[in-house]
Amino acid sequence: MENENSTEVTEFILGGLTQSQNIQLLVFALVLIFYLIILPGNFLIILTIRSDPSLTAPLYFFLGNLAFLDASYSFIVAPRMLVDFLSEKKVISYTGCITQLFFLHFLGGGEGLLLVVMAFDRYIAICRPLRYSTVMNPRACYALLLALWLGGFVHSIIQVALILRLPFCGPNRLDNFFCDVPQVIKLACTDTFVVELLMVFNSGLMTLLCFLGLLASYAVILCRVHGSSSEGKSKAVSTCTTHIIVIFLMFGPGIFIYTRPFRALSADKVVSLFHTVIFPLLNPVIYTLRNQEVKASVKRLFSQHLA
(Lines give C-alpha, C1' and ligand atoms only; values in the text may rest on other atoms or scores of the structure.)
Protein backbone atom coordinates (compact mmCIF):
# COMPACT_ATOMS: atom_id res chain seq x y z
CA MET A 1 0.00 0.00 0.00
CA GLU A 2 1.23 3.48 -0.79
CA ASN A 3 -0.15 5.04 2.35
CA GLU A 4 0.60 2.80 5.28
CA ASN A 5 -1.76 4.65 7.60
CA SER A 6 -4.83 4.47 5.33
CA THR A 7 -7.78 2.33 6.37
CA GLU A 8 -9.90 0.79 3.64
CA VAL A 9 -11.91 -1.41 5.99
CA THR A 10 -14.88 0.58 7.30
CA GLU A 11 -16.51 -2.16 9.36
CA PHE A 12 -15.76 -5.49 11.00
CA ILE A 13 -17.94 -8.59 11.03
CA LEU A 14 -18.09 -10.20 14.47
CA GLY A 15 -17.92 -14.00 14.44
CA GLY A 16 -19.90 -14.17 17.68
CA LEU A 17 -19.52 -16.44 20.69
CA THR A 18 -20.74 -19.59 18.92
CA GLN A 19 -22.41 -20.64 15.70
CA SER A 20 -24.96 -22.84 17.49
CA GLN A 21 -28.33 -21.07 17.69
CA ASN A 22 -29.41 -23.11 20.72
CA ILE A 23 -26.24 -22.28 22.66
CA GLN A 24 -26.58 -18.62 21.70
CA LEU A 25 -30.13 -18.48 23.08
CA LEU A 26 -29.05 -20.24 26.27
CA VAL A 27 -26.12 -17.87 26.83
CA PHE A 28 -28.35 -14.90 25.95
CA ALA A 29 -30.90 -15.88 28.62
CA LEU A 30 -28.27 -16.60 31.28
CA VAL A 31 -26.28 -13.40 30.65
CA LEU A 32 -29.44 -11.26 30.53
CA ILE A 33 -30.74 -12.67 33.84
CA PHE A 34 -27.31 -12.31 35.43
CA TYR A 35 -26.95 -8.79 34.06
CA LEU A 36 -30.37 -7.61 35.29
CA ILE A 37 -29.78 -9.01 38.79
CA ILE A 38 -26.14 -8.16 39.45
CA LEU A 39 -25.85 -4.77 37.74
CA PRO A 40 -28.44 -3.10 40.01
CA GLY A 41 -26.54 -4.66 42.92
CA ASN A 42 -23.42 -2.74 41.88
CA PHE A 43 -25.34 0.53 41.84
CA LEU A 44 -26.83 -0.37 45.22
CA ILE A 45 -23.31 -0.73 46.61
CA ILE A 46 -22.40 2.72 45.29
CA LEU A 47 -25.58 4.25 46.73
CA THR A 48 -25.04 2.57 50.10
CA ILE A 49 -21.44 3.75 50.45
CA ARG A 50 -22.31 7.30 49.44
CA SER A 51 -25.33 7.57 51.73
CA ASP A 52 -24.00 5.91 54.90
CA PRO A 53 -21.87 8.25 57.08
CA SER A 54 -20.26 5.25 58.78
CA LEU A 55 -18.70 4.05 55.50
CA THR A 56 -16.21 6.88 55.04
CA ALA A 57 -12.97 4.90 55.42
CA PRO A 58 -10.68 4.76 52.35
CA LEU A 59 -11.51 1.04 51.94
CA TYR A 60 -15.15 1.88 51.21
CA PHE A 61 -14.22 4.88 49.07
CA PHE A 62 -12.20 2.59 46.82
CA LEU A 63 -14.87 -0.15 46.95
CA GLY A 64 -17.44 2.34 45.65
CA ASN A 65 -15.10 3.27 42.82
CA LEU A 66 -14.53 -0.42 42.05
CA ALA A 67 -18.30 -0.92 41.75
CA PHE A 68 -18.52 2.10 39.44
CA LEU A 69 -15.61 0.90 37.27
CA ASP A 70 -16.99 -2.62 37.01
CA ALA A 71 -20.50 -1.43 36.19
CA SER A 72 -19.09 0.88 33.50
CA TYR A 73 -16.85 -1.91 32.19
CA SER A 74 -19.83 -4.23 31.80
CA PHE A 75 -21.57 -1.68 29.52
CA ILE A 76 -18.76 -1.89 26.96
CA VAL A 77 -19.39 -5.44 25.74
CA ALA A 78 -22.49 -7.01 27.30
CA PRO A 79 -25.33 -4.87 25.82
CA ARG A 80 -24.02 -5.16 22.27
CA MET A 81 -23.36 -8.87 22.73
CA LEU A 82 -26.97 -9.41 23.83
CA VAL A 83 -28.26 -7.50 20.79
CA ASP A 84 -25.95 -9.44 18.46
CA PHE A 85 -27.28 -12.75 19.82
CA LEU A 86 -30.62 -11.79 18.23
CA SER A 87 -29.12 -10.37 15.02
CA GLU A 88 -28.34 -12.38 11.94
CA LYS A 89 -25.62 -9.97 10.81
CA LYS A 90 -23.17 -8.92 13.51
CA VAL A 91 -21.34 -5.83 12.27
CA ILE A 92 -19.41 -3.09 14.05
CA SER A 93 -17.94 -0.02 12.36
CA TYR A 94 -14.20 0.62 12.36
CA THR A 95 -14.72 3.67 14.60
CA GLY A 96 -17.02 1.70 16.90
CA CYS A 97 -14.45 -1.07 17.14
CA ILE A 98 -11.64 1.32 18.09
CA THR A 99 -13.93 3.06 20.60
CA GLN A 100 -14.89 -0.24 22.21
CA LEU A 101 -11.25 -1.28 22.38
CA PHE A 102 -10.24 2.06 23.93
CA PHE A 103 -12.81 1.94 26.75
CA LEU A 104 -12.17 -1.76 27.35
CA HIS A 105 -8.51 -1.08 28.15
CA PHE A 106 -9.11 2.33 29.73
CA LEU A 107 -11.49 0.95 32.37
CA GLY A 108 -9.72 -2.41 32.61
CA GLY A 109 -6.34 -0.76 33.16
CA GLY A 110 -7.88 1.61 35.71
CA GLU A 111 -9.40 -1.28 37.60
CA GLY A 112 -6.12 -3.17 37.70
CA LEU A 113 -4.41 -0.11 39.17
CA LEU A 114 -7.30 0.35 41.60
CA LEU A 115 -6.67 -3.14 42.98
CA VAL A 116 -3.02 -2.13 43.49
CA VAL A 117 -4.18 0.97 45.39
CA MET A 118 -6.53 -1.16 47.52
CA ALA A 119 -3.63 -3.49 48.35
CA PHE A 120 -1.55 -0.47 49.39
CA ASP A 121 -4.45 0.72 51.55
CA ARG A 122 -4.67 -2.65 53.33
CA TYR A 123 -0.89 -2.77 53.81
CA ILE A 124 -0.85 0.62 55.54
CA ALA A 125 -3.96 -0.22 57.61
CA ILE A 126 -2.59 -3.56 58.86
CA CYS A 127 1.18 -3.14 58.86
CA ARG A 128 1.41 0.60 59.68
CA PRO A 129 -1.81 1.29 61.62
CA LEU A 130 -0.45 4.31 63.52
CA ARG A 131 0.35 6.08 60.24
CA TYR A 132 -2.85 5.06 58.44
CA SER A 133 -4.88 8.22 59.02
CA THR A 134 -1.91 10.36 58.00
CA VAL A 135 -0.97 8.45 54.86
CA MET A 136 -4.49 7.62 53.62
CA ASN A 137 -6.04 11.04 54.15
CA PRO A 138 -8.85 12.21 51.80
CA ARG A 139 -6.46 14.27 49.69
CA ALA A 140 -4.17 11.26 49.17
CA CYS A 141 -7.15 9.05 48.26
CA TYR A 142 -8.32 11.45 45.57
CA ALA A 143 -4.75 11.78 44.27
CA LEU A 144 -4.47 7.99 44.01
CA LEU A 145 -7.85 7.85 42.28
CA LEU A 146 -6.74 10.47 39.75
CA ALA A 147 -3.48 8.59 39.19
CA LEU A 148 -5.20 5.29 38.43
CA TRP A 149 -7.62 6.94 35.98
CA LEU A 150 -4.66 8.61 34.28
CA GLY A 151 -2.76 5.31 34.24
CA GLY A 152 -5.70 3.52 32.61
CA PHE A 153 -5.93 6.28 29.99
CA VAL A 154 -2.22 6.11 29.13
CA HIS A 155 -2.34 2.31 28.92
CA SER A 156 -5.34 2.41 26.59
CA ILE A 157 -4.20 5.27 24.38
CA ILE A 158 -0.97 3.36 23.66
CA GLN A 159 -3.02 0.38 22.46
CA VAL A 160 -5.21 2.56 20.26
CA ALA A 161 -2.29 4.55 18.84
CA LEU A 162 -0.51 1.36 17.75
CA ILE A 163 -3.64 -0.02 16.07
CA LEU A 164 -4.49 3.25 14.29
CA ARG A 165 -1.12 3.04 12.53
CA LEU A 166 -1.96 -0.35 11.02
CA PRO A 167 -3.45 -0.64 7.51
CA PHE A 168 -6.63 -2.72 7.15
CA CYS A 169 -7.55 -3.73 3.62
CA GLY A 170 -9.40 -7.00 4.23
CA PRO A 171 -10.45 -9.55 5.39
CA ASN A 172 -12.61 -7.92 8.05
CA ARG A 173 -14.02 -10.84 10.07
CA LEU A 174 -13.17 -10.87 13.79
CA ASP A 175 -13.36 -14.31 15.38
CA ASN A 176 -14.89 -13.01 18.59
CA PHE A 177 -18.03 -11.33 19.95
CA PHE A 178 -16.31 -7.96 20.58
CA CYS A 179 -13.28 -5.96 19.43
CA ASP A 180 -10.02 -6.61 21.23
CA VAL A 181 -6.36 -6.24 20.42
CA PRO A 182 -5.41 -9.86 19.54
CA GLN A 183 -8.16 -10.30 16.94
CA VAL A 184 -7.93 -6.81 15.39
CA ILE A 185 -4.15 -6.95 14.94
CA LYS A 186 -4.42 -10.21 13.01
CA LEU A 187 -6.50 -8.48 10.30
CA ALA A 188 -3.83 -5.87 9.50
CA CYS A 189 -2.36 -5.97 5.98
CA THR A 190 1.23 -5.84 7.19
CA ASP A 191 3.71 -7.67 9.38
CA THR A 192 2.53 -7.16 12.96
CA PHE A 193 5.34 -8.92 14.83
CA VAL A 194 6.78 -5.74 16.39
CA VAL A 195 3.32 -4.37 17.21
CA GLU A 196 2.39 -7.67 18.87
CA LEU A 197 5.53 -7.50 21.02
CA LEU A 198 4.66 -3.95 22.06
CA MET A 199 1.09 -5.00 22.86
CA VAL A 200 2.25 -7.98 24.92
CA PHE A 201 4.62 -5.69 26.79
CA ASN A 202 1.95 -3.02 27.37
CA SER A 203 -0.89 -5.34 28.36
CA GLY A 204 0.57 -8.73 29.17
CA LEU A 205 3.69 -7.77 31.11
CA MET A 206 1.88 -5.03 33.03
CA THR A 207 -0.91 -7.46 33.95
CA LEU A 208 1.51 -10.16 35.05
CA LEU A 209 3.69 -7.80 37.10
CA CYS A 210 0.65 -6.27 38.84
CA PHE A 211 -0.68 -9.75 39.58
CA LEU A 212 2.60 -11.02 41.06
CA GLY A 213 3.13 -7.78 42.98
CA LEU A 214 -0.36 -7.97 44.48
CA LEU A 215 0.07 -11.59 45.52
CA ALA A 216 3.43 -10.76 47.14
CA SER A 217 1.96 -7.78 48.99
CA TYR A 218 -0.95 -9.79 50.37
CA ALA A 219 1.42 -12.60 51.35
CA VAL A 220 3.37 -10.04 53.42
CA ILE A 221 0.15 -8.72 54.95
CA LEU A 222 -1.15 -12.19 55.83
CA CYS A 223 2.20 -13.14 57.39
CA ARG A 224 2.08 -9.97 59.46
CA VAL A 225 -1.50 -10.68 60.54
CA HIS A 226 -0.70 -14.30 61.35
CA GLY A 227 2.05 -13.22 63.70
CA SER A 228 -0.16 -10.75 65.57
CA SER A 229 -2.69 -11.35 68.33
CA SER A 230 -4.98 -8.39 67.70
CA GLU A 231 -8.75 -8.60 67.97
CA GLY A 232 -9.20 -7.57 64.34
CA LYS A 233 -7.12 -10.49 63.05
CA SER A 234 -10.04 -12.47 61.61
CA LYS A 235 -11.49 -9.36 59.95
CA ALA A 236 -8.12 -8.53 58.36
CA VAL A 237 -7.73 -12.10 57.08
CA SER A 238 -11.26 -12.04 55.65
CA THR A 239 -10.66 -8.70 53.89
CA CYS A 240 -7.35 -9.84 52.40
CA THR A 241 -8.85 -13.16 51.28
CA THR A 242 -11.63 -11.28 49.50
CA HIS A 243 -9.09 -9.07 47.75
CA ILE A 244 -7.08 -12.12 46.64
CA ILE A 245 -10.21 -13.76 45.17
CA VAL A 246 -10.96 -10.63 43.14
CA ILE A 247 -7.32 -10.41 42.02
CA PHE A 248 -7.51 -13.94 40.57
CA LEU A 249 -10.84 -13.15 38.88
CA MET A 250 -9.50 -9.92 37.42
CA PHE A 251 -5.96 -10.87 36.41
CA GLY A 252 -6.32 -14.59 35.64
CA PRO A 253 -8.18 -14.15 32.34
CA GLY A 254 -6.10 -11.09 31.46
CA ILE A 255 -2.87 -13.06 31.84
CA PHE A 256 -4.30 -15.90 29.73
CA ILE A 257 -5.31 -13.53 26.91
CA TYR A 258 -2.50 -10.95 26.81
CA THR A 259 0.73 -12.57 28.03
CA ARG A 260 1.15 -14.96 25.11
CA PRO A 261 1.60 -14.45 21.36
CA PHE A 262 -1.69 -13.61 19.69
CA ARG A 263 -2.65 -17.10 18.56
CA ALA A 264 -6.27 -18.20 18.73
CA LEU A 265 -7.13 -20.94 21.22
CA SER A 266 -10.43 -22.75 21.64
CA ALA A 267 -10.85 -21.38 25.18
CA ASP A 268 -10.34 -17.72 24.19
CA LYS A 269 -14.02 -16.85 23.74
CA VAL A 270 -15.14 -18.48 26.99
CA VAL A 271 -12.35 -16.75 28.94
CA SER A 272 -13.22 -13.44 27.25
CA LEU A 273 -16.90 -13.87 28.18
CA PHE A 274 -16.04 -14.23 31.86
CA HIS A 275 -13.40 -11.50 31.67
CA THR A 276 -15.61 -8.86 30.04
CA VAL A 277 -19.11 -9.69 31.29
CA ILE A 278 -19.32 -12.05 34.27
CA PHE A 279 -16.39 -11.22 36.56
CA PRO A 280 -16.67 -7.40 36.40
CA LEU A 281 -20.22 -7.59 37.72
CA LEU A 282 -19.29 -10.12 40.41
CA ASN A 283 -16.27 -8.35 41.90
CA PRO A 284 -18.05 -5.70 44.03
CA VAL A 285 -20.69 -8.24 45.08
CA ILE A 286 -17.95 -10.56 46.37
CA TYR A 287 -16.52 -7.70 48.42
CA THR A 288 -19.94 -6.85 49.82
CA LEU A 289 -20.93 -10.38 50.77
CA ARG A 290 -17.72 -10.73 52.80
CA ASN A 291 -17.92 -7.30 54.44
CA GLN A 292 -20.16 -7.13 57.50
CA GLU A 293 -20.26 -3.31 57.61
CA VAL A 294 -21.47 -2.95 54.03
CA LYS A 295 -24.02 -5.75 54.43
CA ALA A 296 -25.38 -4.12 57.57
CA SER A 297 -25.55 -0.75 55.80
CA VAL A 298 -27.45 -2.28 52.85
CA LYS A 299 -29.97 -3.78 55.28
CA ARG A 300 -30.42 -0.40 56.99
CA LEU A 301 -30.92 1.27 53.62
CA PHE A 302 -33.64 -1.23 52.70
CA SER A 303 -35.35 -0.95 56.08
CA GLN A 304 -35.43 2.87 55.83
CA HIS A 305 -37.09 2.80 52.42
CA LEU A 306 -39.49 -0.01 53.27
CA ALA A 307 -40.53 1.51 56.61
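Basis of the calculations
Residues numbered from 1 in each chain as written. Predicted model: local features only at pLDDT ≥ 70, side-chain atom pairs only at ≥ 80, totals over all residues. Heavy atoms only, no water. UniProt positions renumbered as here; feature names shortened; annotations may be inferred. 1 Å grid on protein atoms, 1.4 Å probe; cavity = no way out; pocket = protein on both sides within 12 Å on 5 of 7 lines; lining within 4 Å. Points joined across faces, edges and corners; volume = space filled by probe spheres on them. Helix = DSSP H or I, 4+ residues; strand = E, 2+ residues; numbered from the N terminus. Nonpolar A, V, L, I, M, F, W, Y, C, P; charged D, E, K, R; others polar. pLDDT = per-residue confidence, 0-100. Contact = heavy atoms within 4.5 Å. Disulfide = S-S within 2.5 Å. Buried < 20%, exposed > 50% of the residue type's maximum accessible area, 1.4 Å probe, protein only.

In the nomenclature of an unreviewed UniProt entry, the protein is known as Olfactory receptor of Bos indicus. Of the protein, the UniProt comment under Sequence similarities (unreviewed entry) reads exactly: "Belongs to the G-protein coupled receptor 1 family."

For the rest of this paragraph, the subject is the layout of surface pockets. Estimates place the volume of the largest pocket at around 400 Å³. What lines the largest pocket is a set of 19 residues, and nearest its centre among them are Ile-49, Arg-50, Phe-61, Asn-65 and Tyr-142. When contributions to the lining of the largest pocket are tallied by element, the ones reaching two or more residues are helix H1 (21–51), helix H2 (58–85) and helix H5 (138–164). Ranked by residues supplied to the lining of the largest pocket, first place goes to H2 with 6 residues. Classifying every residue of the lining of the largest pocket by side-chain character gives 13 nonpolar, 4 polar and 2 charged.

Our focus in this paragraph is the confidence of the model for the protein. In the predicted model, the protein carries a mean pLDDT of 85, and 94% of its residues have values of at least 70. Low pLDDT, under 50, characterises residues 1–5; the stretch is placed with 10 contacts to residues that sit more than four places away or in other chains.

A separate point is the state of the cysteines. One pass over the full model with this rule turns up 2 disulfides. Note on cysteine connectivity: Cys-97 is disulfide-linked to Cys-179, with sulfurs 2.1 Å apart. Residues Cys-97 and Cys-179 share a disulfide whose torsion about the S-S bond is about -120 degrees; that sign makes it left-handed. Highlighted residues: Cys-97 in helix H3 (residues 94–127) and Cys-179 in the loop between strand S3 (173–174) and helix H6 (181–185), separated in sequence by 82 residues. Paired through a disulfide, Cys-169 and Cys-189 show a sulfur-sulfur distance of 2.0 Å. Residues Cys-169 and Cys-189 are joined by a disulfide whose S-S torsion is about -135 degrees; by sign, that bridge is left-handed. Taken together, the residues Cys-169 in the loop between H5 and S3 and Cys-189 in the loop between H6 and helix H7 (193–226) connect sequence positions 20 residues apart. Judged by its relative accessible area of 37%, Cys-169 is partly exposed. The exposure class assigned to Cys-189 is partly exposed, which follows from its relative accessible area of 26%. Each disulfide in the protein links cysteines that, numbered along the sequence, combine into the pattern 1-3, 2-4.

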